[in-house]
Protein chains: 2
Amino acid sequence: MPTPNRTTNEEVVAAAQEVLEGAGPGGLTMQAVAARVGVRAPSLYKRFHDRDALLSAVVTATIDELGARLEEAALDLRGLAHAYRAFAHERPEAFRLVFTPYAEEGALRRSSAPVLRAAAELVGEEDALPAARLFTAWATGFLQMELAGAFRLGGSVDEAFDYGLERLRAGLTAPRG
Amino acid sequence: MPTPNRTTNEEVVAAAQEVLEGAGPGGLTMQAVAARVGVRAPSLYKRFHDRDALLSAVVTATIDELGARLEEAALDLRGLAHAYRAFAHERPEAFRLVFTPYAEEGALRRSSAPVLRAAAELVGEEDALPAARLFTAWATGFLQMELAGAFRLGGSVDEAFDYGLERLRAGLTAPRG
DNA sequence: ACCTGAACACCGTTCAAGT
DNA sequence: ACCTGAACACCGTTCAAGT
């Protein structure tokens, strides 16, 4: 007897994102996610092979949402940097997982498009890829450190972010040595 | 009847580091660590309050070892960058945990000394702190991305690293705008 | 004093049985 | 077809009992 689905993959991923943000990666259990969508844990295995696969889907969704934010906000590297930081502050737990082996290549490529575009605008097409990687690496590392509390040593974190952004822009536009 | 200790905190941390590198964070179980030092899991609770405390000790030891490497290798930012990257390649699992909430403030401060020194050399004392943060954020983010496989999109990773390092140095020494 | 077996709670995962 | 209770393996953690 066919019975209608009681939930969807999208709903499960959304529930998992909420659990993750509320309880951290350790609190992201199959039971907690299942309870939030109104089923029992074993039902989730019909949709995702195991917890790792669900986590991977969560990270992919997060990267796509980050990419959409960057597309909206973004014209130049300054706008991208602040949109990036705002996203990390809103969704710290999810952001922490973006650059882990859970991330899928396709999602990373999609979300890198606006950064590549802004980088090409600033340094030209030939250097757009390494320039985008410089920018993304800096922003990622800065936020990782900020979220980890690595900036307790003193000084203004906001100022360090703006300083980094301006020096980085200066380096990208400086004449080649 | 007093009995001699069958292991030491240092030995436990060293064992945990080996387990971590060999089996990843998921494989770092109290049983695996205990077996490696020749005791049973419950004995570890005499030395570390819980698994999180052991993980924190592992991260602290890792940061101190990284700091020692940087002290050896390091004169300028170029030397530091390559020492940093070599360490991340040798100990990827441990490196991934350096900028997480497991890291203790003291360890982070100790290991940042050589970077601060090199940054001061390049940009002067006043800007040494934000300059060091720019450098560390870039290197951290780059390696995080490299270890996560985020550079599968094409292009040479080595070249992107050198490009980033040179543009970053150029930005730090460029005249203020 | 330190160590351990036994026990408990909790989680991931499987699967036969329900509808 | 989808869902679930029951079961199993595994892990973190506690603690009374051993030496």
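Our subject is the structure listed above.
About the cut-offs
- Residues numbered from 1 in each chain as written.
- Chains lettered and ligands numbered in written order.
- Predicted model: local features only at pLDDT ≥ 70, side-chain atom pairs only at ≥ 80, totals over all residues.
- Heavy atoms only, no water.
- Phe/Tyr/Trp six-rings, centres within 6.5 Å; stacked < 30°, edge-to-face > 60°.
- Helix = DSSP H or I, 4+ residues; strand = E, 2+ residues; numbered from the N terminus.
- Buried < 20%, exposed > 50% of the residue type's maximum accessible area, 1.4 Å probe, protein only.
- Least-squares fit on C-alpha atoms with pLDDT ≥ 70 in both.
- Contact = heavy atoms within 4.5 Å.
- Near = heavy atom within 4 Å.
- Polar contact = N/O pair within 3.5 Å; in protein donor to acceptor, adjacent residues only side chain to side chain.
- Nonpolar A, V, L, I, M, F, W, Y, C, P; charged D, E, K, R; others polar.
- Buried area = accessible area lost by both parts, 1.4 Å probe.
- Salt bridge = Lys/Arg side-chain N within 4 Å of Asp/Glu carboxyl O.

What follows covers the packing of aromatic side chains. Residues and elements named next belong to chain A. For the structure shown, the criterion picks out twelve aromatic pairs over all chains. Judged by centre distance (6.2 Å) and plane angle (55°), the ring pair of Phe135 and Trp138 falls under tilted. Residue Phe135 and its partner Trp138 are both found in helix α7 (residues 128-148); the two are separated by three residues, about one turn of the helix. As far as burial versus exposure is concerned, Phe135 and Trp138 are alike and both buried. Members of the aromatic cluster, each reached through a chain of ring pairs, are Phe135, Trp138, Phe142, Phe151 and Phe161.

The two chain copies are connected by a rotation around an axis plus a translation along it. Each copy of the sequence occupies a distinct position, and chain A is placed on chain B by a rotation of 180° and an axial shift of 0.0 Å, giving an RMSD of 0.0 Å. Both chain copies can therefore be described as sitting about a two-fold axis. When the interface residues of chain A are mapped onto chain B, 100% of them are again interface residues, pointing to one common binding face.

With that out of the way, let us pick up the protein's contact with DNA strand C. Around DNA strand C sit 17 residues in total, of which A:Arg51, B:Asn5, B:Arg6, B:Arg40 and B:Ser43 are the nearest. Within 4 Å of the protein, the atoms of DNA strand C are drawn from sugar and phosphate moieties in a proportion of 74%. Take A:Tyr45: an N or O atom from its side chain is 2.9 Å from a phosphate oxygen of DNA strand C. Within the backbone of B:Arg6, an N or O atom sits 2.9 Å from a phosphate oxygen of DNA strand C. Here the residues of the surface near DNA strand C are counted per class, giving seven nonpolar, five polar and five charged.

Taken together, the contact between chain A and chain B spans 45 residues of the former and 45 residues of the latter. In total, about 3,600 Å² of surface goes out of reach between chain A and chain B, with carbon and sulfur atoms giving 67% of it. Summed over the three residues of chain A that lose the most area to chain B, namely A:Arg133, A:Tyr163 and A:Arg167, the buried surface amounts to 22% of that side. One can count zero salt bridges joining chain A with chain B. The tally of links from chain A across to chain B stands at six residue pairs in polar contact (both at pLDDT 80 or more). Elements with a contribution of two residues or more to the side of chain A that touches chain B: α6 (105-123), α7 and α8 (157-173) of chain A. Take the side of chain A that touches chain B: its biggest share by element is 14 residues, from α7(A). For the side of chain A that touches chain B, a count of residues per class yields 24 nonpolar, twelve polar and nine charged.

We now examine the protein's contact with DNA strand D. Taken together, 17 residues lie near DNA strand D, and A:Asn5, A:Arg6, A:Ser43, B:Tyr45 and B:Arg51 sit nearest. In the interface set of DNA strand D, defined as its atoms within 4 Å of the protein, sugar plus phosphate atoms amount to 74%. The contact in question runs from a phosphate oxygen of DNA strand D to an N or O atom on the side chain of A:Ser43, over 2.8 Å. With respect to DNA strand D, the backbone of B:Met30 contributes an N or O atom lying 2.9 Å from a phosphate oxygen. Looking at the surface near DNA strand D residue by residue, the class counts come to seven nonpolar, five polar and five charged.

Distances and angles like these do not, on their own, reveal function.
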